[in-house]
Amino acid sequence: MRRFLDTLGIVLAIAISITGLSVFGLSPWATAPAYAENLTHLQQVLRNEVCPNCDLSYAPLSRANLDYAYLTEAYLVGANLRKAHLTQGHFDKTCAIGANFEQAEGDRIDFNEADLSGVNFNKSRFQEGNFHRATLIKAQFVNADLAKADLSKTDLRDSQLRQADLRDGNLTQANLAFANLAEADLRGAKLSGADLRSANLKGAILAGADLTGANLCGATWIDGTETYQGC
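Topic: unusual backbone geometry
And then number 1: Within the chain, Lys93 stands out as a residue other than glycine whose phi angle is a positive 65°.
And then number 2: The residue Lys93 is located in the loop between helix H2 (39-48) and strand S1 (219-220) in this model.
And then number 3: You will see that Lys148, though not glycine, has its phi angle at about 65°, which is positive.
And then number 4: Along the chain, Lys148 falls in the loop between H2 and S1.
And then number 5: When its relative accessible area of 53% is taken as the criterion, Lys148 is described as exposed.

Here is the structure:
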């Protein structure tokens, strides 16, 4: 009986892990470890900041100095990079689902084509950062500084960008459906061709913003009224 219960517990644990990964679009059959960072890789990145393709899942990197780090295609699922220094770091094509970058600083960081679904970027600073084609579904950027950042062709569905600084940012053809942009600063931002269906723009600053061809069907406009542009 005890053996049966132990086996049942393992099966349930596996089922829960698979379900949790599937929520963020991560294949449950991925070969990369999902439970703890590779200690050798962690030591390597802290020593010389060069560790492409490394497994740093759930790694404790809070306040780490990773300026100019080279972590292309690294696995950072659930990693803690709160208040980390990431200036001009190379994080392109990384998988960082559910990671914590709250209050991190990384001007001109490269997140090109990275999977950043569910990541916490609240109060972070990534001026002139490159997020081109990144997946940012349900990411949180509350009070984040993204001035002049490249967010073109990103998937920002259902993301939180409330009070974010997006001045002069490039959001061309970005998917912002259901995104919360309330009180965001979008002065001079490029939003041409962006999908803003059902997005919340109440209180946002849009002076000089380019909304040419943007779909605003069902979006909440800056004055709180609903707009049907693009429907």
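Thoughts on the packing of aromatic side chains
And then number 1: Counted under the stated rule, the structure contains 11 aromatic pairs.
And then number 2: Ring centres of Phe101 and Phe111 lie 5.7 Å apart, and the angle between their planes is 85°; this geometry places the pair in the edge-to-face category. Of this pair, Phe101 sits in the loop between H2 and S1 while Phe111 is found in the loop between H2 and S1, placing the two residues 10 residues apart along the sequence.
And then number 3: On the basis of relative accessibility, which here comes to 0%, the residue Phe111 falls in the buried class.
And then number 4: Relative to Phe126, the ring of Phe111 has its centre 6.0 Å away and its plane inclined at 75°; by these criteria the two rings are edge-to-face. Linking Phe111 in the loop between H2 and S1 with Phe126 in the loop between H2 and S1, this pair joins segments that are 15 residues apart in sequence. Each member of the pair, Phe111 as well as Phe126, is classed as buried.
And then number 5: The structure contains a cluster of three or more aromatic residues connected by ring pairs, namely Phe91, Phe101, Phe111, Phe121, Phe126, Phe131 and Phe141.

Cut-offs and rules
Residues numbered from 1 in each chain as written. Predicted model: local features only at pLDDT ≥ 70, side-chain atom pairs only at ≥ 80, totals over all residues. Heavy atoms only, no water. Helix = DSSP H or I, 4+ residues; strand = E, 2+ residues; numbered from the N terminus. Buried < 20%, exposed > 50% of the residue type's maximum accessible area, 1.4 Å probe, protein only. Phe/Tyr/Trp six-rings, centres within 6.5 Å; stacked < 30°, edge-to-face > 60°.

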